[in-house]
Structures are given as structure tokens and as C-alpha cells.
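Observations on the model geometry
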Amino acid sequence: MNQMVVQSLQGVGLPSLAVLIASAVWFAVFREHPRLRAIGIGLIFAGGIIWAYLLGFGGFAFPPRESGHWIPYIAGVVALVGCLQGIRLGRQVSNLILSLGTALIFFWSQISGNPLTFAWIAALTVALFVSTILLQQVIEDRCSGAELALSLALSAGAGGIVIFLGGSAVLGQLSASMGVILGVIAVLAFFFNATVGAILPLVYLFIFGCLLLSGCLFAQLPWLTAILLWIAPWALVFGQRSDRPRISRRALSLLLRMLGVIALIAIAVGSSFLLNPPSGEM
Amino acid sequence: MKKNYLSILLSTLAFAGATAAQTDSFKIDPAHSAIIFEISHFGVGHIYGRFDTFSGTFSVDPNDPSKDVVNVEIKTDSVDTNASKRDTDIKGPDFFNASQFPTATFKSTSIKKIDDKTLEVTGDFTLRGVTKPLTLNVQAIGSGPGPKGEFRSGWEATTTLKRSDFEVKALVPAVSDEVSLRLAVEGIKQ
């Protein structure tokens, strides 16, 4: 097997395996403690992303000089803020600060010469903040852990494909890693019939947002594709969570609720192929 | 006729009518210059690429080469490897990240004369926001009047660098870490 494939498999597989083991233990131990379970799963997820970043980018850059360098730091900070939200931090205020901070990091330092910088910062802040309300509160309340994690996994996994096609193997690999890690958590949440809490979607939002934005601004990811992938999990706003004890009933409900998400993702991937036809040159 | 470093400098002086203490400044003529690179692909073959847009200046002090100065600026989004999709990828975030880092620069810090035709030029090379010292082996090619009477001086520089030193790590080792660079420049006396 060639070196590129081995590297990619390691970059995706090793963090996912670690998350599988750690999350399985955490789900089992804190099955009856939703708050502790949410904190643990959120931190494990962020840890998995940071390890996947380390394998994909070959190390951390400090101080960060470009947008991609910020990803592991954003993952860590967002996970910690997410943990504190459950204890004493106001969720809306802290989410607004995180949204503004991420927008400033992304645009102020990277494209500060652009006359539209302030418009970009405002637009990204609003997009992130509204998304946190939708995903972390409205949708999380209406979803089982498996439904939420699987929808995020499908979006991130598809994001890996389209970002790779858009010209960034490294960012694509990170998005794919996030998709597999979320897939692992979705499987565990399904079998433990447990929620995943509000920290995991918060970390997902900021990291996937950074990846999609990097893909659009610095690679050749079409904006339409990115927007469709971004909003795909919002399809879960329709319907109610299914916590039925029987696995077969839950599985059926899970599949039905994924239809809207899958439809949006399919359109997103299709639009990527149409707007940015792939080429095998390297 | 082959000219050595001394004869190039002498002819530079003769043309300019300058005194021995004068430093002559040259501006790189992009139409008669090239910056090309070579990189190994899967250990099977070599890919060659070039930068289409660059600029720079150099100065020549005939009495003291250590006072010579070289500055080159390369537009990273002008990379051309004869495969447009690959060029797009190279300009992207995995390699040059040209949107965020539109230029690569070389600024000499010291120049040492090796022999009559050869200089060793050390300088700061900046790529993708990372600055590291880089040494160029420079050969004098020739000098003399051009078609419009302008005075020209030609040089060729080679070096090898590790792209990972400049945070360009993607696809190593499938696409080699080591990159060979060649700069062939003609300067027009200012």
C-alpha cells in the first residue's frame, strides 16, 4: 500500500480508535449521569480532533500564523468553555464570545487587508452564533445522542471528501477524521441509548466551520457546497427524538430522521462535483 | 567566450564608466530570467515547475563582493507545473497557501567569493511566513550590452531546501521533502 494511503489511514484510524475506547468506557461508567457524560464525551471528542490534527499537520504551530494553525487551540478552548457552560458560564454570552473570537482569529489576522474584513467578521459571528443556538439547544433537545452524532458524522465525513476534492488533502483528512470519530460516538450512543450532550455539537460547530471556511477561502471548495454541508444537520429540527428501548425501533427512527440530512449532503457533494470537477494530478 | 567573475565585473565597470569604488545596481529582467524547481514524485520521477511572476534587484561591488546585495520576491500564486489542477492544489492551504502568503522572498545577508566565477550567497528565505537562512551557490554567466544598448549581467544560482522547514509538509515523503531550486537571472543596470 502506498505511503499516502497508509498515512491517511493512520491519521483517521488512530484517533478514532482511541475515541472508541475512551468513549465506550465513559458511556459505560457515566450512563446514569448525563452532565458528566456530556463533559467527558465533549472532551474526548476535542482530544480526538487535536490528535487527528497532530497526525495530519505534523505538529502544532505556536504562535499560530495561519487559519489552520488555530484549529487545535479552538478545539481545546471551545471544549473547556463548553464544560464550564454546564456549571456557571452563561451559554448564550459565552457562545457569542466564542463566535466573535473565532471570526476575529480567522479574518482579522488572515485577511486584514481586505476592505470587507468587518463584514466577514460580522457575518461569521452571526452564522456561528445562530448555529450554536440551533444545534446546541433546539436540535440537541429534539435528538437522541445517536441521531445528533450521526448527522454531524455524515456532514463532516462528506466535508472530508469535498475539501479533498477542493484541493486540500490535509484539511480533508481532518474533516474525515472528525466524521469517523463522530461516527464512532454515534454507534456507542445508539447502543447505550444515551444522549451526547451539548459540548460535542459546540466543538463540532467551530471546528467544522473553520474547515469549511478554510476550504472556501484558501482552497477551491465551492461556497454552495460548504453552506449545504453546514446546514445539513439542521434537517433534524423536524421530528422528535426516539429513545425507544427496542433497538430495531430506534434504528428505524434513526434512519427516517437521517433522510433529510442525507438529502442535503447528497446535494452538497453533487454540487461540489459539478462546480469543481476532480482531477487526479499530484 | 567564457568570462570569469573578474572580467564580468571589469566589463560592468567599463560600460558604466564608473570608478572602482562604485556599486552597480541591477534590476532583474523577468522576460530573460527563470525560477524553476525540481521535486521527487513517489521516488519514481521528478516534477519540474516554475514561477512565472517574480521581481528583484542585485548590486555588484567590483572591489568587495561581500558588499553585494541580492533581493528577490516571488509571487507564490504564479507557480506553474504544467498541470492546472495540481497548480491549484500547490497554491492551496496544503502547500504555499498563496491567499494568506502571496509572496516568497530572499534577502541576502552575506556574500562570499569562492573563486573568479563563483559566489556563495547566504540570506533569509521566507516562505509561508517562515524565515530561515538559505545559501545559494551562484555562478557568473556573463555580462555586456543588450539589444537596446542597456547593460546586462547574468547569474545562475542553485540550492536545495527542505520544504518542511517552511511548514510545507503535505504529502511528504510521497512527494519529496527536498526541493531543488534554480534561479537564472539577467539583470539590467539601473
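Here the structure is a predicted model, which is why all the values come from computation and not from measurement.

Bringing the overall build of chain A into the picture now. When you go through chain A residue by residue, the secondary structure sums to ten helices and zero strands. N-terminal to C-terminal, the α/β element order of chain A is α-α-α-α-α-α-α-α-α-α. What you see for chain A is a C-alpha radius of gyration of 18 Å, in line with the 19 Å of a compact globule of 282 residues. C-alpha atoms of chain A, sized along the principal axes, occupy 55 × 45 × 35 Å. Out of the 282 residues belonging to chain A, those deemed buried represent 51%. Relative to all contacts within chain A whose residues are 6 or more apart in sequence, the contacts with residues 24 or more apart total 79%.

This next bit is on the overall build of chain B. Secondary structure assignment for chain B yields two helices and eleven strands. Of the regular secondary structure in chain B, the N- to C-terminal order runs α-β-β-β-β-β-β-α-β-β-β-β-β. Buried positions account for 33% of the 190 residues belonging to chain B. A sequence separation of at least 24 residues applies to 56% of the contacts in chain B between residues at least 6 apart.

All names here are of chain B. Structurally, Ile-141 is set in strand E9 (residues 130–145). Separated by 29 residues in sequence, Ile-141 and Lys-112 place their C-alpha atoms 17 Å apart. For Ile-141, the residues in contact, after removing those within four places along its chain, are Gly-154, Trp-155 and Glu-156.

Moving on to helix H5 (residues 117–142) of chain A. Compared with an ideal rise of 1.5 Å per residue, which puts 26 residues at 38 Å, H5 of chain A spans 36 Å between its outermost C-alpha atoms and is within 8% of the ideal. Maximum bend of H5 of chain A: about 25°, positioned at Leu-135 of chain A.

Another aspect to go through is the interface of chain A and chain B. Counting residues at the interface gives 22 residues for chain A and 18 residues for chain B. Elements with a minimum of two residues in the side of chain A that touches chain B: helix H1 (3–29), helix H7 (169–192) and helix H8 (199–218) of chain A. Looking at side-chain class alone, the side of chain A that touches chain B contains nine nonpolar, ten polar and three charged residues.

All names here are of chain B. Of all residues in chain B, 89% have pLDDT values of 70 or greater, and the mean over the chain is 88. Note on residues 13–20: pLDDT under 50 across the span, and ten contacts to partners over four residues away in sequence or across chains. For this predicted complex, the interface score ipTM comes out at 0.76, alongside a pTM of 0.84.

Residue and element names in this part refer to chain A. Compared with the 30 Å implied by 1.5 Å per residue over 21 residues, the 30 Å span of helix H6 (residues 145–165) between its first and last C-alpha is a close match. Along H6, 21 of the 21 residues are buried, which leaves the element largely enclosed by surrounding structure. At the C-terminal side of H6, Gly-167 shows a positive phi close to 110°.

It is worth spelling out unusual backbone geometry at this point. Trans peptide bonds make up most of the peptide bonds, and negative phi angles are found at most residues other than glycine. A cis geometry characterises the amide bond from Phe-62 of chain A onward to Pro-63 of chain A, with omega recorded as -5°. Structurally, the position occupied by Pro-63 of chain A is in the loop between helix H2 (34–57) and helix H3 (71–85). A positive phi angle, close to 55°, is found at Arg-128 of chain B, a residue other than glycine. Mapped onto the fold, Arg-128 of chain B is located in the loop between strand E8 (118–127) and E9.

It is worth spelling out the pairing of E8 of chain B at this point. Residues and elements named next belong to chain B. Here strand E7 (residues 103–115) runs beside E8; their pairing, made up of nine bridges, is antiparallel. The residue bridging Ser-108 from the neighbouring strand is Gly-123, located in E8. Looking at chain direction, E8 and E9 are connected through ten bridges and run antiparallel. Residue pairing for E9: Leu-127 is matched across the bridge by Val-130. Between the antiparallel neighbours E8 and E9 lie two residues, among them Arg-128 with a positive phi of about 55°.

To continue, consider the pairing of strand E1 (residues 24–28) of chain B. Residue and element names in this part refer to chain B. Every second residue of E1 is oriented toward a common face, the buried set being Asp-24, Phe-26 and Ile-28 and the non-buried set Ser-25 and Lys-27. When E1 meets strand E4 (residues 54–60), the two strands line up antiparallel, connected through four bridges. Residue pairing across strands places Asp-24 opposite Val-60, the latter belonging to E4.

Moving on, we get to the packing of H6 of chain A against H7 of chain A. Residue and element names in this part refer to chain A. The N-to-C vectors of H6 and H7 enclose an angle of 160°; their axes lie 7 Å apart at closest approach. Relative to H7, H6 is oriented roughly antiparallel. Crossing of H6 against H7: the hand is left-handed. Among the residues forming the contact of H6 with H7, the class breakdown is 18 nonpolar, nine polar and no charged.

Residues and elements named next belong to chain A. Their axes nearest at 8 Å, the elements H2 and H8 cross at an angle of 25°. As judged from the angle between their axes, H2 and H8 are roughly parallel. Contacts between H2 and H8 pair Ala-38, Ile-39, Ile-41, Gly-42, Phe-45, Ala-46 and Ile-49 from the former with Ile-199, Leu-200, Val-203 and Ile-207 from the latter. Partitioning the contact of H2 with H8 into residue classes produces ten nonpolar, one polar and no charged.

Reading the values: rules and limits
Residues numbered from 1 in each chain as written. Chains lettered and ligands numbered in written order. Predicted model: local features only at pLDDT ≥ 70, side-chain atom pairs only at ≥ 80, totals over all residues. Helix = DSSP H or I, 4+ residues; strand = E, 2+ residues; numbered from the N terminus. Rg over C-alpha atoms; globule rule 2.2 N^0.38 Å. Buried ≥ 20, exposed ≤ 12 C-beta atoms within 10 Å, placed from the backbone. Contact = placed C-beta atoms within 7 Å. Expected span 1.5 Å × (residues − 1). Bend = angle between axes of the 7 residues up to and from the residue. Nonpolar A, V, L, I, M, F, W, Y, C, P; charged D, E, K, R; others polar. pLDDT = per-residue confidence, 0-100. Pairing = 2+ DSSP bridges. Axes fitted to C-alpha atoms, helices over the stretch in contact; angles between N-to-C directions. Parallel < 35°, antiparallel > 145°, perpendicular 65-115°, else oblique. Left-handed = near helix turned anticlockwise from the far one by under 90°.

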